[in-house]
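Close look at the chain arrangement
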Amino acid sequence: MKDNIRFVITVISIIVAVGLIWIAILSLVPPDRDKVEKYFERDKADFAIITEYIINTGYSYISINKSNIEKGMMFTGADTRNKKIEDEMVVKSLDRLLKKRGYHVIGKNDNTVFFQKWAMLEEDRGIAYSINGEDKPSIEFLTKLEPLSENGWYYYEADYNKWRNR
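This text gives an overview of the structure that appears in the document. Residue numbering note: each chain is counted from 1, following its sequence as written. Per-residue local features of the predicted model are confined to residues with pLDDT of at least 70, and side-chain atom pairs are confined, for both listing and counting, to 80 or more; whole-chain, interface and lining totals are unaffected and use all residues. With hydrogens and water set aside, each side-chain value is computed from the structure's full complement of heavy atoms.

1. Let's talk about the nonpolar core
Nonpolar side chains in soluble globular proteins generally cluster together in the buried interior. Which entries qualify depends on this criterion: Put simply, a nonpolar core is a bunch of buried Ala, Val, Leu, Ile, Met, Phe, Trp, Tyr and Cys residues held in one set by side-chain atoms that sit within 4.5 Å of each other. Throughout this description, buried means an accessible area under 20% of the type-specific maximum (1.4 Å probe, protein chains only), exposed means over 50%, and partly exposed covers the range between. The helix count covers DSSP runs of H or I at least four residues long, the strand count covers runs of E at least two residues long, and both are numbered beginning at the N terminus.
Counting residues in each nonpolar core, the largest one holds 26 residues, and the members touching the most others are Ile64, Ile85, Phe115 and Ile127. Broken down by secondary-structure element, the contributors of at least two residues to this core are helix H2 (33-56), strand S1 (61-64), helix H4 (88-100), strand S5 (112-120), strand S6 (123-130) and strand S8 (153-159). With seven residues, H2 is the largest single contributor of residues to this core. By size, the runner-up hydrophobic cluster in this structure holds seven residues, among which are Val105, Phe114, Ala128 and Leu142.

2. Here's the deal with H4
Using the following cut-off: Every helix has an expected span of 1.5 Å times one less than the residues it contains. Comment: arc refers to directions from the helix axis out to C-beta atoms. By definition in these notes, contact holds between two residues if any of their heavy atoms fall within 4.5 Å. In the analysis that follows, any N or O atom pair within 3.5 Å is treated as a polar contact, provided that within protein one partner can donate a hydrogen and the other can accept it, and provided that, for residues neighboring in sequence, both atoms belong to side chains.
Along its 13 residues, H4 runs 17 Å from first to last C-alpha, staying within 8% of the 18 Å computed at 1.5 Å per residue. Buried residues of H4: Val90, Val91, Ser93, Leu94, Leu97 and Leu98, and no others. For H4, the angular spread of buried residues about the axis comes to 165 degrees, placing them on one side. Those residues of H4 that are exposed and aimed more than 90 degrees away from the buried face are Met89, Lys92 and Lys100. For H4, the secondary structure elements touched by its buried residues are H2, S1, helix H3 (66-70), strand S4 (105-109) and S5. Capping the start of H4 is the job of one residue whose side-chain oxygen sits 2.9 Å from the backbone nitrogen of Met89: Asp87. Where H4 terminates, the next one or two residues include Gly102, which has phi positive at roughly 85 degrees.

What follows is the structure, encoded as structure tokens:
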């Protein structure tokens, strides 16, 4: 009886270990445009809520990550520092995207609101929105920009090494 229990525990342990390794490997693979389009469609309501709030703050620079949102804060620059996010619906949307959907950083830089979905070393990918709708989004070290299904929204790739060697 003990041998059967050990065998079952060993098999389950191996399956769990293989599963965790597989998940870790998949997290290293960057999402392509088609995958990001699916993320965009799934999370469109949260994007709209957050984008409207960020645009109306009046700050030219905003950065929100998991540690900020746990405190209900957003970083707005070296001079203005952290500011409280007063809208509870925005906090819930940010919390959902950052903690449950796996986004790394959500922010604003001049004419662009961005949602960084994947990052590895000096490369990142995500979704960007052009605030004025006329100019393309401005992302640091941008190497690829493709429109998504909705006007003003884009899939982006940023890679410092590719950008530097252009």
